Amino acid sequence: MAKKVPVKVDGRELTLSNLDKVLYPDCGFTKAEVIDYYSRIAPVLLPHLAGRPLTVKRYPNGVTGQSFFEKNAPDHTPDWVRRVNLPAPGSTKNRESIDFAVIEDLPTIVYYANLAALELHVPQWRVDDDGKALPPDMIVFDLDPGAPATIVQCAEVALMLREVLKAEGLTARPKTSGSKGMQLYADWDCREEPSAYARRLARLLEKEHPKEVVSVMAKAARPGKVFIDWSQNNPAKTTVAPYSLRARERPTVSTPLTWKEVESCERPEDLVFTAPDVLARAENRGDLFARA
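Here the structure is a predicted model, which means the values were calculated and not measured. (Residues numbered from 1 in each chain as written. Predicted model: local features only at pLDDT ≥ 70, side-chain atom pairs only at ≥ 80, totals over all residues. Heavy atoms only, no water.)

Undergrad: Before we go on, may I ask you to explain the nonpolar core in this structure?
TA: Within soluble globular proteins, side chains that are nonpolar tend to cluster in buried spots. Tyr37, Tyr38, Ile41 and Tyr112 are the most contacted members of the largest nonpolar core, which has 78 residues in total. Counting residues per element, this core draws most heavily on helix H1 (residues 31-49), at 10 residues. Counting residues domain by domain, this core receives three or more from each of domain 1 (4-123 + 238-245) and domain 2 (136-233). In contact with Ile41, not counting residues within four places along its chain, are Tyr243, Val278, Leu279 and Ala282. Counting 8 residues, the second-largest nonpolar core is a separate cluster that includes Leu86, Val102, Trp125 and Val127. (Core = buried A, V, L, I, M, F, W, Y, C linked by side-chain atoms within 4.5 Å. Buried < 20%, exposed > 50% of the residue type's maximum accessible area, 1.4 Å probe, protein only. Helix = DSSP H or I, 4+ residues; strand = E, 2+ residues; numbered from the N terminus. Domains from an automatic or database assignment. Contact = heavy atoms within 4.5 Å.)

See the structure below:
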């Protein structure tokens, strides 16, 4: 296969490279297949990326090679990719601001897939048309199992959290992390600072279910329990986007779920979905993570 292939995507010219490079060695999943997945999942993925400053995790030599997070849009980013300049307090590179890319169309998705940006991470807030940060419009609870707990226990905690959120007037939407855990999202009305609110609910569940739930980050407190990570609501943090690939042994995906699937989860394998699985789910069910 040619090392470089010029293509036109929705009128934009791109050059794809090393399409036969295997990025998931355990199953032979290539860069061409990564680009194909992101291209085909784009109709349901794009609404969850639109307006959100992008952080990617790139794996130029595949999931077994070195990786790096990238917030600043590379110098070679095409001028048609939307970028927004935002303050960067606490930047590890001492930058006062960062030029974030914002994925809002298919060509931009293909551009990043070609960079082996396997994982797409976004915050719980958007920017406006002028590139100014808006208040958070979502709240997220990241459920992380401490071994020997698995996603089965995450599902049990998710059901508890769903009821707490319902009592608060919030409707939760579940998805897998694509790795070990699960995440619950809800539309957010800025009733209070989101991290403080999420922390309060996590502590409430920890108090009611101390054998199953932990709300503190200390690793020593987590074995056999589900950590409710409330800190993902810090505006400087990001969470893996719905429909993003993950850099696991197989091309697993952060997959939106039905509550019936959560309720019926009995084995970790019940909630593991790969790129082909998710494409079929989207074709048959549409976007399970669509906002009401």
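Undergrad: In this structure, what is going on with the packing of H1 against helix H6 (residues 275-285)? I would like to understand it.
TA: Working note: a packed helix pair is described by the angle between its axes plus the distance between those axes. Here H1 crosses H6 at 35°, and the two axes come no closer than 10 Å. Once H1 is placed against H6, the crossing between them reads as left-handed. Along the contact surface, H1 presents Tyr37, Arg40, Ile41 and Val44, while H6 presents Ala275, Val278, Leu279 and Ala282. Of the residues contributing to the contact of H1 with H6, the split by class is 7 nonpolar, no polar and 1 charged. (Axes fitted to C-alpha atoms, helices over the stretch in contact; angles between N-to-C directions. Left-handed = near helix turned anticlockwise from the far one by under 90°. Nonpolar A, V, L, I, M, F, W, Y, C, P; charged D, E, K, R; others polar.)

Undergrad: Honestly, the sheet that holds strand S6 (residues 68-70) in this entry has me stumped. Any pointers?
TA: Two orientations exist for strands paired in a sheet by backbone hydrogen bonds: parallel and antiparallel. The sheet built from 4 strands is open, its strands ordered S6-S5-S9-S15 with antiparallel pairing. The open sheet has two edge strands with one neighbour each: S6 and strand S15 (239-240). Sheet analysis places strand S5 (residues 55-58) next to strand S9 (residues 117-122), joined by 4 bridges and oriented antiparallel. Bridge pairing in S9 links Thr55 to His121. (Pairing = 2+ DSSP bridges.)

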